[in-house]
Every structure is written in C-alpha cells, then in structure tokens.
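Below, each chain spelled out in residue letters.
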Amino acid sequence: MKTPRIVWLAAADARGHLARAHLARKLLSHRGIAVDIVTTHTEGQRFIEALGSPSTVLSPHYGVAFDTWQNMDRRRTEATIVRYFLDPARGLTDLSRLREISAGAAYIVNDFHPLLLLAGETLGPVVHVYGATLYQAIAHHFEGRGPGALDRRFSGLVASLAARAYARIEHGLAAPEEGQFRRDDLTFVLPPLIHLPRRPREEVRASLGLTPKDRLAAVYLNPHFRDDRLARTLRDVLADRGYWVHAVGEGLADQRSFRAHDSDFASVACAADLLISAPGMASSAQARSFGVPFVALATDQPEQRANLAALADNPAVVPVDLLALLRRAPLDTGSLAGRDCPLRTALADAVDRASLARASAPLAPPSIDRLREVHNRWCSVLTGLVPTTVLPAQKPRRGLSHLLRTEV
C-alpha cells in the first residue's frame with residue numbers, strides 16, 4: 001500500500017510555522033504518513049534543516065516586511081503582496097510549481113501563506129493551520145487604518161476565503177486541552193503544538209557547565225531582530241543579575257552568547273530560570289507549559305498583544321513594550337545605547353520582576369505529559385483528515401468530530 005503523503009507549506013516569516021511543520025513531520029512519520037515541507041526563503045530552509053527536516057523553497061517572492069526590531073512594516077508588506085499576485089512570474093508561477101509538488105498528496109497544509117487562501121480547491125484539499133491570534137491579526141489588518149467599512153469588508157473576504165478549505169486547524173492559548181471541533185466551519189480547535197524537551201533539566205545545565213545554584217536565561221529572538229544594541233543590552237542586564245545566557249537568534253548570531261540555531265532549544269527553555277523572547281504562540285506556550293518566568297519583548301504585531309492578554313493573569317509573565325520604547329527614543333538618536341538608556345531600564349525592571357515572581361511563588365512543574373497528549377490530538381486530527389479517496393472538491397466527513405471528544 002502506498003504511503004499517504006501530506007504537503008506542508010510553512011511560511012518562513014515566523015519560525016514557529018517551520019518548527020511546527022518539522023514536529024508534525026516527525027510525529028506523523030510514526031503513523032505511516034510522509035510530510036513534504038515547502039517553505040519560503042533559503043533562510044527558512046536553513047532553519048528547518050538545522051532542526052532535522054529537509055524542505056523545498058517555493059520562492060522568496062512572498063514575505064512579510066519587518067524592521068530590525070521585529071516591527072511589521074505594513075506598507076512594504078502590502079506592496080509585496082500586491083506585486084506577488086499581479087506579477088505572473090511570482091504568484092502564478094508559485095501556484096504552478098506547488099501544483100506539481102502536491103500531485104498525489106492526500107492534502108496540502110497551509111501554514112500560513114496567502115496563495116492557498118486564494119487558490120481554494122484548485123490544488124486539491126487544503127487544510128489551513130493558523131494561530132487564532134494570527135488569523136484575527138490578518139483578518140483585521142486594516143482596523144484603525146481607514147473607514148470601518150474597509151475593515152469589515154476585508155475581514156469578511158478573509159473569512160470567506162478560509163471557509164473554502166477542506167478543513168481548518170486553529171490553535172491558541174485559549175483552546176481547551178481536550179480540543180474542540182466546530183461543526184459549522186469544519187474547524188478543529190487545539191492547543192499549540194510545541195516541541196517537548198529531549199533532555200532533563202540536570203543534563204542540560206551540566207552540559208552548559210552550570211552548578212545547581214547558577215541561574216540560566218534562555219533567550220530566543222527570531223531573525224527579524226537584527227539590532228545589536230538589543231543583544232548587548234540584554235546580555236549586560238542578565239550578566240549584572242548573575243544569569244548565564246544561552247541565546248539563539250539568526251539575525252544576531254555574530255553577537256557574543258548568541259548562535260543562529262539550536263535544534264533542542266525546548267530543553268534549554270525548560271531547564272532555564274528565565275525565558276526571554278517575543279510573545280509569539282510557541283514562546284508563550286513554552287513559558288506556560290514549562291512553568292518558566294517569561295520576559296516578553298512585545299513589538300508591533302497585534303497577535304503578540306493578544307497572546308499577552310491570554311497570559312495576563314500570570315505574574316511571572318512580564319511584558320516589555322519595545323514599540324513604545326522605540327517611539328520615545330528613535331533609533332537615529334543613539335539614545336537606546338548606554339547604561340542609563342530607557343531600553344536597559346525597562347529590561348532590568350522586567351528581569352527583576354520575573355525573577356521575584358519565581359522566588360515568591362514557585363511555579364508548577366513542566367506539564368510534559370499534557371504536552372504529549374496535545375501531540376496525540378494533533379496526530380489524530382492530521383491522520384484522520386487523510387481521505388481514503390482524494391477528490392479535488394471533497395469535504396471532510398462530518399463524523400471526523402469523533403477525533404476529539406468536545407464538539408461545538
């Protein structure tokens with residue numbers, strides 16, 4: 001019998017898409033399902049290869065634009081997307097190539113590229129995988145930037161395009177642990193799929209040369225962070241407070257204490273006394289699941305603000321509003337450098353508050369068994385969506401809700 005195959009298109013704009021594709025490929029291989037990963041940009045390909053998965057680059061023509069502090073540049077992003085779809089050498093060429101790649105696949109996962117929103121069922125069954133907060137950010141991209149009617153029409157367009165999917169998997173911090181199935185829009189609602197630590201805390205710390213009394217800060221900055229002032233200030237603030245720093249950041253790999261990749265960062269984060277990262281879905285879920293204090297570097301991305309709102313009742317989650325700091329101290333003034341700069345003050349205060357939260361109220365131990373159950377639910381849904389006969393217009397069986405115990 002031929003091995004079922006899934007094509008997983010993971011946009012490289014946020015490395016969480018790629019990490020999820022790699023993890024799904026690994027998990028589904030144990031269920032007899034092959035996953036072919038397609039991404040955007042060679043940098044994304046290098047990232048996922050460092051995790052251990054091969055991939056194919058569709059093209060570098062689509063991408064979200066950011067500044068060197070991970071703030072989204074909306075106008076550049078819009079211009080890129082318009083050109084992508086109007087230039088036949090871009091969007092149409094990618095569509096044709098993706099058709100070749102996906103020939104014979106059970107379905108295509110869209111995680112999360114606009115091409116497959118517009119393509120509908122022309123390539124066969126499409127399963128949209130997206131963070132709940134990211135979807136809302138996309139749907140309300142024009143909120144507050146023009147007439148309310150523009151926001152309503154655009155959000156309605158996104159909803160209608162997404163509704164044409166074979167199925168949808170929505171993941172988020174507010175999702176119930178047991179998952180849900182929304183029958184009305186064929187959507188599975190699941191907790192985030194994140195990597196499990198592969199090594200125990202003691203082994204991780206010993207491998208880094210740490211004693212039981214040493215304090216470890218795990219730092220992950222995605223590749224859009226490229227201003228070395230942030231790396232230097234973080235390193236100085238943590239060193240002043242006695243933290244040993246294990247930092248990962250492709251855009252800051254030339255800085256001391258930083259490296260471009262770490263295929264087992266989950267183990268380091270779980271063993272750490274402090275996690276510092278932007279509050280994307282994966283980092284937010286790691287902080288909550290591993291029970292580690294979290295200094296969240298919030299930038300101009302609406303989904304990050306929504307993730308922070310979901311963690312607002314946790315005193316060990318301390319946000320630092322980088323966007324507000326940059327607005328008060330523009331980059332070209334040089335005022336973000338030096339020991340008395342606003343950035344250093346804000347980071348120092350956040351690290352102190354997060355450290356105090358850990359000292360005053362011991363956090364719950366990592367919920368590894370619960371994360372394994374989340375892995376099993378994702379596998380059950382992704383496996384159950386493989387149709388026995390692949391038809392271009394085929395919709396999932398309504399009975400698929402039995403894959404989850406909770407239906408709404």
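Residues numbered from 1 in each chain as written. Predicted model: local features only at pLDDT ≥ 70, side-chain atom pairs only at ≥ 80, totals over all residues. Heavy atoms only, no water.

It is not clear to me how unusual backbone geometry should be interpreted in this structure. Could you clarify?
In most cases, non-glycine residues show a negative phi, while peptide bonds are predominantly trans. Note that the residue after D111, namely F112, is joined by a cis bond; omega there is -5°. Within the secondary structure, F112 sits in the loop between β4 (107–111) and α5 (114–119). (Helix = DSSP H or I, 4+ residues; strand = E, 2+ residues; numbered from the N terminus.)

It is not clear to me how the pairing of strand β14 (residues 317–321) should be interpreted in this structure. Could you clarify?
Side-chain direction in a regular strand flips from residue to residue, so the side chains alternate between the two faces of the sheet. One ladder, built from 5 bridges, connects strand β13 (residues 294–298) with β14; its direction is parallel. Directly across from A296, in β14, lies its bridge partner P319. Crossover β13 to β14 through helix α12 (residues 302–310) is right-handed. (Pairing = 2+ DSSP bridges. Right-handed = clockwise from strand over helix to strand, strands pointing away.)

Explain the pairing of β4 here, please?
The element β4 is extensively covered by neighbouring structure, given that 5 of its 5 residues are classed as buried. Covered by surrounding structure in β4 are Y107, V109 and D111 together with I108 and N110, the residues of both alternating faces. Alignment of strand β1 (residues 5–10) against β4, held across 5 bridges, turns out to be parallel. Counterpart to A10 in the pairing with β4 is D111. Where β4 lies against strand β5 (residues 126–131), 3 bridges are found, and the strand directions are parallel. Looking across to β5, one finds that V109 is bridged to V127. Chirality of the crossover, the property in question, places the unit of β4, α5 and β5 among those that are right-handed. (Buried < 20%, exposed > 50% of the residue type's maximum accessible area, 1.4 Å probe, protein only.)

Explain the packing of aromatic side chains here, please?
Note on aromatic pairs: each is described by the distance of the centres and the angle between the planes. Tallied over the full model, the rule gives 7 aromatic pairs. The rings of Y62, Y84 and F85 are connected pair by pair, giving a single aromatic cluster. (Phe/Tyr/Trp six-rings, centres within 6.5 Å; stacked < 30°, edge-to-face > 60°.)

Whenever I open this one, the sheet that holds strand β8 (residues 187–190) confuses me. Can you help?
For sheets, the rule is that strands pair by backbone hydrogen bonds, running either parallel or antiparallel. An order of β3-β2-β1-β4-β5-β6-β8-β7 is seen for the 8 strands of this open sheet, with the pairing classed as mixed. The sheet is open, and its two borders are formed by β3 (56–57) and β7 (180–182), each paired with just one other strand. The sheet contact formed by β7 and β8 spans 3 bridges and is antiparallel. Bridging across to β8, F181 finds its partner in F188.

What is the right way to look at α12 in this model?
Since there are 3.6 residues in each turn of an α-helix, residues three or four apart along the chain are aligned in direction. Among the residues of α12, E303, Q304, N307 and L308 are the ones counted as buried. Down the axis of α12, the smallest arc covering the buried residues is 145°, so these residues share one side. On the buried face of α12, the contacting elements are α6 (132–139), α11 (281–290), β13 and β14. (Arc of directions from axis to C-beta. Contact = heavy atoms within 4.5 Å.)

How do you make sense of the side chain of T133 when you look at a structure like this?
With respect to the secondary-structure elements, T133 resides in helix α6. Assessed through its relative accessible area of 17%, T133 is described here as buried. Filtering out sequence-adjacent residues up to four positions away, T133 remains in contact with M281, E303, A306 and N307.

How should I be thinking about the packing of helix α1 (residues 15–29) against helix α2 (residues 42–51) in this particular structure?
Geometrically, a packed helix pair is captured by the angle between its two axes and the distance between the axes. As a packed pair, α1 and α2 sit with axes 10 Å apart at the nearest point and diverge in direction by 40°. For the element pair α1 / α2, the angle class is oblique. Remark: the crossing between α1 and α2 carries right-handed chirality. Listed contacts from α2 to R15, L18, A19, A21 and H22 of α1 are E43, G44, F47, I48 and L51. Its residues assigned to classes, the contact of α1 with α2 comprises 6 nonpolar, 2 polar and 2 charged. (Axes fitted to C-alpha atoms, helices over the stretch in contact; angles between N-to-C directions. Parallel < 35°, antiparallel > 145°, perpendicular 65-115°, else oblique. Left-handed = near helix turned anticlockwise from the far one by under 90°. Nonpolar A, V, L, I, M, F, W, Y, C, P; charged D, E, K, R; others polar.)

Help me understand the pattern of salt bridges, please; the structure alone is not making it clear to me.
Side chains that differ in sign of charge can pair as their charged atoms come close. What the rule picks out here adds up to 20 salt bridges. Linking R15 and E250 is a salt bridge whose minimum nitrogen-to-oxygen distance equals 2.8 Å. Taken together, the residues span a long stretch of sequence, with R15 in helix α1 and E250 in the loop between β10 (243–248) and β11 (258–259) at a distance of 235 residues. The exposure classification of R15 matches that of E250, with both residues buried. Of the charged contacts, one joins R90 and D87 as a salt bridge, the two residues approaching to 3.6 Å between their closest N and O atoms. What makes R90 buried here is its relative accessible area of 16%. Where salt bridges share partners, they join R168, E170, R182 and D185 into one cluster. (Salt bridge = Lys/Arg side-chain N within 4 Å of Asp/Glu carboxyl O.)

Shape is all these values report; function is a separate question.
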